[in-house]
Amino acid sequence: MSNTMLVAGILVLAVGTFSLRLAGPLLRTRFELPERAQQVMAAAAIVLLAALVATAALTDGRGDAGIARPVGVLVGGVLAWRKAPFVLIVVAAAATAAGLRLLGVP
């Protein structure tokens, strides 16, 4: 593959990405989504975030993440649910996972 073709491909993708990002604010006032569609999209965003958290918490690059990481994520989730400050959530989750690993829990 030549460098010219590579640069052309990058430029085409860049213009396409910019166009899609620009289309959202420009077309937002022209289209009105039904209330049900807005609810489904909000629920889909929550489901995708939950799947990302579950994947990151339960798996490692080699397979199972063990027990310490999911417990740390659980502690962070409970603190977030209780509306604790973000720094406290991160520190408590990390400290929980680190403490369990220090005790020999995988």
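Below, the structure is looked at part by part. (Residues numbered from 1 in each chain as written. Predicted model: local features only at pLDDT ≥ 70, side-chain atom pairs only at ≥ 80, totals over all residues. Heavy atoms only, no water.)

Section: the overall build of the protein chain
For step 1, the next point in the chain: In terms of helices and strands, the protein chain carries four helices and two strands.
For step 2, the next point in the chain: Against the compact-globule benchmark of 13 Å for 106 residues, the protein chain has a radius of gyration of 21 Å, which places it well outside the compact range.
For step 3, the next point in the chain: For the C-alpha atoms alone, the extent of the protein chain along its principal axes is close to 55 × 45 × 25 Å.
For step 4, the next point in the chain: A burial count over the protein chain gives 10% of its 106 residues as buried.
For step 5, the next point in the chain: A separation of at least 24 residues holds for 39% of the contacts in the protein chain among residues at least 6 apart in sequence.
For step 6, the next point in the chain: When the accessible surface of the protein chain is split by element, carbon and sulfur atoms take 74% of a total near 8700 Å². (Helix = DSSP H or I, 4+ residues; strand = E, 2+ residues; numbered from the N terminus. Rg over C-alpha atoms; globule rule 2.2 N^0.38 Å. Buried < 20%, exposed > 50% of the residue type's maximum accessible area, 1.4 Å probe, protein only. Contact = heavy atoms within 4.5 Å. Areas by Shrake-Rupley, 256 points an atom, 1.4 Å probe, with all protein chains shown as cover.)

Here's the deal with the environment of L74
For step 1, the next point in the chain: Along the polypeptide, L74 turns up in helix α3 (residues 68–81).
For step 2, the next point in the chain: Looking at L74, the relative accessible area reads 57%, which means it is exposed.

Notes on helix α1 (residues 3–27)
For step 1, the next point in the chain: Its 25 residues place the ends of α1 36 Å apart at the C-alpha level, agreeing with the 36 Å of an ideal helix rising 1.5 Å per residue.
For step 2, the next point in the chain: A small share of α1 lies buried, amounting to zero of its 25 residues. (Expected span 1.5 Å × (residues − 1).)

Points about a nonpolar patch on the surface
For step 1, the next point in the chain: On the surface, a cluster of nonpolar side chains totalling about 540 Å² of accessible area is made up of F18, L22, L26, L27 and F31.
For step 2, the next point in the chain: Topologically, F18 is positioned in helix α1. (Patch = residues over 30% accessible without salt bridge, like charges linked within 9 Å, V, L, I, M, F, W, Y side chains within 5 Å. Salt bridge = Lys/Arg side-chain N within 4 Å of Asp/Glu carboxyl O.)

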